[in-house]
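The chain contents come next:
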Amino acid sequence: MKIFAYNDFILKKNKDKIYADDSHILFIKATCETYFDEFQLGSRCIETDEPGHYFFTDKKEEVLVFPFYSSVSQFFKKPSLLSRSKALLKSAVGHYDVFWLTWPHPISFLVLMLVGRKKPVVLFVRQNLEALIHVRYSGINRFVGKKFTQFLYTYARLFHKNALIVSVGDEMYNYFKPVYKNNFYVSDSIVSEKLQLPARKEFNKDVKLLFVGRLEPEKGLFDLVNAVKLVNESIPVSLTIVGEGGVGEELRAFVEELNVSHCVKFAGYQAFGESLFELYRSHDIMVISSYSEGLPKIINEARAFAMPIVSTKVGGIAKELQEGETCLFVPPGKPELLAAAVVFLLHNPKVYQRISQNLHDQFSSNSLEYWSGRFAALVKDYASKNF
């Protein structure tokens with residue numbers, strides 16, 4: 001079976017090799033190479049002097065490069081982007097057997113229009129896009145973004161009710177459940193079984209908290225820094241913030257303003273690899289302070305490294321984890337409750353041990369090997385039964 005995948009990456013071309021900085025490409029690469037006879041990835045691509053973090057391919061036929069756009073809003077400002085993309089897609093539509101599309105997106109919309117109902121289509125939803133737009137944008141950009149998202153959802157519901165919907169986590173799975181009969185959820189785990197560590201018995205004397213993710217408004221990082229200040233009023237802890245993003249400079253200034261720079265460290269972006277793994281090994285508690293999430297990859301990374309989690313109860317995380325068993329939950333926007341949960345965990349080592357053990361036990365059914373295989377099986381089963 002031949003598969004065409006579209007994802008909204010910005011690929012990097014360096015010395016005829018294609019890379020990406022988004023680790024999701026590791027899930028795509030593992031799935032396509034292991035389970036399909038032939039594949040091609042469609043995305044944006046730029047020439048760079050340095051390679052990206054994750055190697056994808058050095059074969060030209062495995063990448064379809066679309067016209068570059070800096071953001072989805074450019075499709076409204078430059079209609080030629082759609083027509084040029086459509087022309088590129090025509091050969092792919094004729095050649096490939098199944099289409100794996102990031103949804104919702106204008107280029108995925110073009111694929112749906114071109115394929116019609118003649119071939120199997122997989123709409124892959126990584127998070128609640130409307131919630132993300134609400135947090136990240138304002139004014140006319142928020143209004144247009146939400147309306148366009150709703151239009152794409154409506155189009156698919158009216159003309160592609162037989163599509164296979166695969167959501168990362170169960171928030172969007174439940175959203176689509178009343179509409180689509182072929183509706184499933186997965187984890188796009190990129191953590192190999194080879195990385196698994198034993199359950200933890202205790203935390204370090206110098207307790208270390210860890211955040212890993214984009215530094216964006218929806219991540220609630222100002223709440224997290226406030227929470228760390230509150231925790232330090234009763235127990236000395238430090239926080240390492242791994243990632244870069246739009247609020248990075250403002251967040252660094254906020255740390256200085258609160259006088260917590262002695263216990264809050266910025267580690268910058270760490271690619272999925274040994275440097276990041278060492279941070280997981282050396283830190284004690286993962287802290288998630290988000291207002292909106294799908295099912296972030298860091299959940300499975302925490303499972304692999306048996307790292308207890310304190311998290312806001314949002315998105316796919318709310319159903320994926322269990323209070324008191326695999327995490328401690330708090331509502332978003334409540335730094336005092338986030339701090340209280342961390343303090344509780346540190347005062348209750350048996351709870352810490354139980355959460356670590358349970359996360360460890362769950363990893364075998366949450367590894368890259370497990371979810372890549374399950375996703376491929378869903379796609380092939382859907383295609384064989386419906387086309």
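Residues numbered from 1 in each chain as written. Predicted model: local features only at pLDDT ≥ 70, side-chain atom pairs only at ≥ 80, totals over all residues. Heavy atoms only, no water.

## Topic: the packing of aromatic side chains
In step 1: Using the criterion set out here, one finds 28 aromatic pairs in the structure.
In step 2: Judged by centre distance (5.1 Å) and plane angle (85°), the ring pair of Tyr370 and Trp371 falls under edge-to-face.
In step 3: Classification of Tyr370 by relative accessible area gives partly exposed; the value is 32%.
In step 4: Overall, Trp371 belongs to the buried group, its relative accessible area being 6%.
In step 5: Members of the aromatic cluster, connected to one another through ring pairs, are Phe76, Phe109, Phe148, Phe151, Tyr155 and Phe159. (Phe/Tyr/Trp six-rings, centres within 6.5 Å; stacked < 30°, edge-to-face > 60°. Buried < 20%, exposed > 50% of the residue type's maximum accessible area, 1.4 Å probe, protein only.)

## Quick look at the pairing of strand β14 (residues 309-312)
In step 1: Taking every second residue as pointing to the same face, both faces of β14 are buried, with Ile309 and Ser311 on one and Val310 and Thr312 on the other.
In step 2: Inspection of the sheet shows strand β13 (residues 285-288) paired to β14 by three bridges, in the parallel sense. Looking at β14, one finds that Val287 is bridged to Val310.
In step 3: Handedness of the crossover joining β13 and β14 through helix α11 (residues 298-304): right-handed. (Helix = DSSP H or I, 4+ residues; strand = E, 2+ residues; numbered from the N terminus. Pairing = 2+ DSSP bridges. Right-handed = clockwise from strand over helix to strand, strands pointing away.)

## Observations regarding the sheet that holds β13
Sheet strands pair via backbone hydrogen bonds, and the direction of the pair is either parallel or antiparallel.
In step 1: Spatially, the six strands line up as an open sheet ordered β12-β11-β10-β13-β14-β15, and their pairing is parallel. Both outer strands of the open sheet, β12 (264-268) and β15 (328-330), are each paired with one neighbouring strand and no more. Sheet twist, expressed as the average angle between the axes of neighbouring strands with direction ignored, equals 25°.
In step 2: In this sheet, β12 lies alongside strand β11 (residues 237-242) in parallel orientation, the contact comprising four bridges. Looking across to β12, one finds that Ile241 is bridged to Phe266.
In step 3: Here helix α13 (residues 335-347) sits on the sheet in contact with β10 (207-212), β11, β13, β14 and β15, set at roughly 165° to β15. (Axes fitted to C-alpha atoms, helices over the stretch in contact; angles between N-to-C directions. Contact = heavy atoms within 4.5 Å.)

## Here we look at the packing of helix α4 (residues 106-115) against helix α6 (residues 139-159)
In step 1: Between α4 and α6, whose axes approach to 11 Å, the crossing angle comes to 20°. Classed by the angle they form, the pair α4 and α6 counts as roughly parallel. The element α4 and its partner α6 pack so that their crossing is left-handed. Across the interface between the two elements, Pro106, Phe109, Leu112 and Met113 from α4 touch Phe148, Phe151, Leu152 and Tyr155 from α6.
In step 2: For the contact of α4 with α6, the residue count by class is eight nonpolar, no polar and no charged. (Parallel < 35°, antiparallel > 145°, perpendicular 65-115°, else oblique. Left-handed = near helix turned anticlockwise from the far one by under 90°. Nonpolar A, V, L, I, M, F, W, Y, C, P; charged D, E, K, R; others polar.)

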